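# Geometric and topological summary
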Amino acid sequence: MSDPAAHPAASLLDDLRAESEEADRLVAELDDTGWSLATPAAGWTVAHQIAHLAWTDTAALLAMTDEAAFADEAAKALAAPETFVDEGAEAGAALPPVRLLAHWREGRERLQQALRSAPDGGRFPWYGPPMSAPSMATARLMETWAHGQDIADALGVRREPTARLRHVAWIGVRARDYAYLVRGEQPPTTPFRVELTSPGGELWTSGPEDADQRVTGPALDFCLLVTQRAHRADLAVRAEGADADRWLDIAQAFAGPAGPGRPAKGAAR
């Protein structure tokens, strides 16, 4: 794993575009029945998933181009932290699918152009801490992958994991302390060692080799965990040490309130 700022901007944004195009292919040929399929997110259809991506792309573009207007939107989110995401998805999902798909495509392309032209070193407001353009792109890729997973699950499609997961894994590791703080807990003061096996078989690592607290496993499983797309009990991610074990229970790669996560498959039966 590596900081997105260490990757050439064009390469990172190419990965974001590729991730978006993969999600686009899942929905491009769906009929109205397909768009209305329930996804694993409670109350969200395929349309809600795409609407959320479109809504968040629009918010990111606003953060990069009109800080005052974004501050107004952030204030609305602060006033309704438990509902503002659902409300944005609901509004978009009410559109006819052809209009929703066009809106998402247009918005994500406008965001691409803004990210590609962003000045080096610039930082932009967000619902969590301010972010650089590379971090913003990484966050958009993470969300696109995660919501694409929801859509794939609804359609019964298995997606092949790619090296783009390194971006999702990185933000999951980077957000370790946030996962504690959003729950009112103090994060550990010591670094963790994280070792993940990439889809291609390489080892992605973070943290000192001699750390007492360790997390290991397949990169795909770790990404499913930190995006809360699968329960820890159903994944091959392992912890050594009490602090690392607690982290795997609460890990989240996204800003905002702690989500409920997904039930274990055994619990769902």
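See the structure printed just above.
Residues numbered from 1 in each chain as written. Predicted model: local features only at pLDDT ≥ 70, side-chain atom pairs only at ≥ 80, totals over all residues. Heavy atoms only, no water.

### What to know about the pattern of salt bridges
Overall, the coordinates contain 21 salt bridges when judged by the stated rule. When the shortest N-O distance is used, the salt bridge between Asp177 and Arg176 registers 2.8 Å. Of the residues examined, Asp177 reaches a relative accessible area of 31% and is grouped as partly exposed. With its nearest N and O atoms 3.1 Å apart, the salt bridge here joins Glu195 to Arg193. One exposure class covers both Glu195 and Arg193, and it is buried. Each of Glu19, Glu22, Arg159 and Arg164 takes part in a single network of salt bridges with overlapping partners. (Salt bridge = Lys/Arg side-chain N within 4 Å of Asp/Glu carboxyl O. Buried < 20%, exposed > 50% of the residue type's maximum accessible area, 1.4 Å probe, protein only.)

### Here we look at unusual backbone geometry
In this structure, Gln228 is a non-glycine residue whose phi angle is positive, near 55 degrees. Topologically, Gln228 is positioned in the loop between α10 (219–226) and β6 (238–240). Judged by relative accessible area, Gln228 falls into the buried class, the value being 11%. (Helix = DSSP H or I, 4+ residues; strand = E, 2+ residues; numbered from the N terminus.)

### Structural notes on the pairing of strand β5 (residues 214–218)
As judged from the five bridges shared by strand β3 (residues 193–197) and β5, these two strands associate in the parallel manner. Within β5, the position partnered with Thr197 by the bridge is Pro218. (Pairing = 2+ DSSP bridges.)

### Describing the environment of Trp55
With respect to the secondary-structure elements, Trp55 resides in helix α3 (residues 46–65). With relative accessibility at 24%, the residue Trp55 sits in the partly exposed group. When the C-alpha positions of Trp55 and Ala91 are compared, they lie 9.3 Å apart, and in sequence the two are 36 residues distant. Excluding its chain neighbours within four sequence positions, the residues that come into contact with Trp55 are Phe84, Gly88 and Tyr127. (Contact = heavy atoms within 4.5 Å.)

### Section: the side chain of Glu19
Its place among the elements puts Glu19 in helix α1 (residues 9–27). For Glu19, a relative accessible area of 2% puts it in the buried group. A distance of 2.5 Å separates polar atoms of two side chains, one belonging to Glu19 and the other to Arg164. Contacts of Glu19, omitting those with residues within four sequence positions, involve Leu141, Thr144, Trp145, Arg159 and Arg164. (Polar contact = N/O pair within 3.5 Å; in protein donor to acceptor, adjacent residues only side chain to side chain.)

### Points about the nonpolar core
One finds Met64, Leu115, Trp126, Met136, Val215, Phe222 and Trp247 to be the most contacted residues of the largest nonpolar core, which totals 53 residues. Trp35, Ile50, Ala54 and Ile151 belong to the second-largest nonpolar core, a separate cluster that totals 16 residues. (Core = buried A, V, L, I, M, F, W, Y, C linked by side-chain atoms within 4.5 Å.)

### Points about the packing of α3 against helix α4 (residues 67–79)
Working note: a packed helix pair is described by the angle between its axes plus the distance between those axes. Two numbers describe how α3 lies on α4: the axes approach to 6 Å, and their chain directions differ by 135 degrees. By the criterion of interaxial angle, the relationship of α3 to α4 is oblique. When you trace α3 past α4, the crossing you get is left-handed. Here Ala59, Leu62, Ala63 and Thr65 of α3 come into contact with α4, specifically with Glu67, Ala69, Phe70 and Glu73. The residue makeup of the contact of α3 with α4, split by class, is five nonpolar, one polar and two charged. (Axes fitted to C-alpha atoms, helices over the stretch in contact; angles between N-to-C directions. Parallel < 35°, antiparallel > 145°, perpendicular 65-115°, else oblique. Left-handed = near helix turned anticlockwise from the far one by under 90°. Nonpolar A, V, L, I, M, F, W, Y, C, P; charged D, E, K, R; others polar.)

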